[in-house]
Amino acid sequence: MSAPDVRAFTVGPVQENSYIVRASPEATRAVIIDPGDEAERLLAAAEALGVELEAILLTHCHFDHIGAVAPVARATGAPVYCPQIERPILADVMSWVPPGFGPFESHEAEHTVAGGERLSLAGLDFEVMFTPGHSPGHVTYAIPGALLSGDVLFQGSVGRVDLPGGDWGTLESSIEGLIRAHPPETVVYPGHMGITTLARELQSNPFLAELRDRIPPAAAVRSPTAS
């Protein structure tokens, strides 16, 4: 089975990573993950790839990840899958946006996820994993060989825990769950910064020092270069 085709687009003032994901480079259906800003640019990218957006998947509802949800949904008719706990934020987005950002448009999510679901969309099978700690309802979307991890794990860093609902112990537990559930070579497509792998982060991420003591070294043996 060929690896999914994942295209990254860094958008907005907070430099958030949105992703268009399809089963192969030839596929004509795709999903978009966390359309955070620059809706017209993301829509143009989908058109240039020749894909129909079948769904909008959200890892969490911080403003930098949902700012373009409403216009992308309106333009494509794609239903939105939103973390259940955070659905009220998407429905009243400007009440949660810090001064100086926006305005953004609210949206009523068509579907909610809470972790444990399996979604069959655009020829891909997504496993929804509950990964709170950065935000209360945060989820990660797993596909074969890859994680769309939002703001859980970054290249050399982790999601901040000083925002409402953040908690370091909870985030560390979520990261440990991802590392234990997926092969070390799994590619991580994060919500900010560069693409990485689970093995690379377990080996060298300074925030994961305690996890390195708990997880067997064999889990971090292979660390292929992510492209």
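The present account deals with the structure reproduced in this document. All figures in this text were calculated on a predicted structure; none of them were measured in a lab. (Residues numbered from 1 in each chain as written. Predicted model: local features only at pLDDT ≥ 70, side-chain atom pairs only at ≥ 80, totals over all residues. Heavy atoms only, no water.)

## Some thoughts on the layout of surface pockets
Here the largest pocket defines a volume of roughly 510 Å³. Along its surface, the largest pocket is lined by 23 residues, and H62, F63, W96, L163 and P164 are the ones closest to its centre. Among the elements that take part in the lining of the largest pocket, helix α2 (residues 63–66) stands out by supplying three residues, more than any other. Split into classes, the residues belonging to the lining of the largest pocket amount to 14 nonpolar, five polar and four charged. (1 Å grid on protein atoms, 1.4 Å probe; cavity = no way out; pocket = protein on both sides within 12 Å on 5 of 7 lines; lining within 4 Å. Points joined across faces, edges and corners; volume = space filled by probe spheres on them. Helix = DSSP H or I, 4+ residues; strand = E, 2+ residues; numbered from the N terminus. Nonpolar A, V, L, I, M, F, W, Y, C, P; charged D, E, K, R; others polar.)

## Here's the deal with empty space enclosed by the protein
Considering all chains together, one arrives at one cavity of 30 Å³ or more under this definition. The volume enclosed by the largest cavity comes to roughly 40 Å³. Taken together, V11, G12, P13, V14, E16, G36, D37, F63, D64 and F104 form the lining of the largest cavity. Along the lines of polarity and charge, the residues of the lining of the largest cavity split into five nonpolar, two polar and three charged.

## Re the nonpolar core
By size, the foremost hydrophobic cluster in this structure holds 31 residues, and its most contacted members are I20, L53, I56, L58, V72, V80 and L90. Put simply, the parts of the chain that give this core at least two residues each are β1 (5–11), β3 (29–33), α1 (39–49), β4 (52–57), α2, α3 (69–76), β5 (80–83) and α4 (87–91). The dominant element in this core, judged by the number of residues it contributes, is α1, at six residues. Counting 22 residues, the second-largest nonpolar core is a separate cluster that includes V6, I33, Y81 and Y141. (Core = buried A, V, L, I, M, F, W, Y, C linked by side-chain atoms within 4.5 Å. Buried < 20%, exposed > 50% of the residue type's maximum accessible area, 1.4 Å probe, protein only.)

## Topic: the sheet that holds β4
Taken in spatial order, the six strands line up as β1-β2-β3-β4-β5-β6 in an open sheet, and their pairing is mixed. In the strand order of this sheet, the two ends are held by β1 and β6 (111–113), each with one partner. Sheet twist, expressed as the mean angle between neighbouring strand axes with direction ignored, is 25°. Inspection of the sheet shows β5 paired to β6 by three bridges, in the parallel sense. Residue P83 lies in a different strand from β6, and its bridge partner there is V113. (Pairing = 2+ DSSP bridges. Axes fitted to C-alpha atoms, helices over the stretch in contact; angles between N-to-C directions.)

## Side note on the pattern of salt bridges
Tallied over the entire structure, the rule returns nine salt bridges. A salt bridge links R29 to E54; the shortest N-O distance between them is 2.9 Å. Taken as a pair, R29 in strand β3 and E54 in strand β4 lie far apart in primary sequence, 25 residues in all. The exposure class assigned to R29 is partly exposed, which follows from its relative accessible area of 37%. (Salt bridge = Lys/Arg side-chain N within 4 Å of Asp/Glu carboxyl O.)

## Observations concerning the packing of aromatic side chains
Going through the model one piece at a time under the given rule, you end up with four aromatic pairs. Their ring planes at 40° and their centres at 4.7 Å tell us that F63 and F101 sit as a pair that is tilted. With F63 in helix α2 and F101 in the loop between α4 and β6, the pair connects residues that are 38 residues apart, well separated along the chain. Here F63 falls in the buried class, since its relative accessible area comes to 14%. For F101, a relative accessible area of 29% translates into the label partly exposed. Seen in terms of ring centroids, F126 and Y141 are 6.4 Å apart; in terms of plane orientation they differ by 90°. Their pairing is edge-to-face. One end of the pair, F126, is in strand β8 (residues 124–130); the other, Y141, is in strand β9 (residues 139–143), and 15 residues separate them in sequence. Just as F126 is buried, Y141 falls in that class too. By way of ring pairs, the aromatic residues F63, F101 and F104 are connected into one cluster. (Phe/Tyr/Trp six-rings, centres within 6.5 Å; stacked < 30°, edge-to-face > 60°.)

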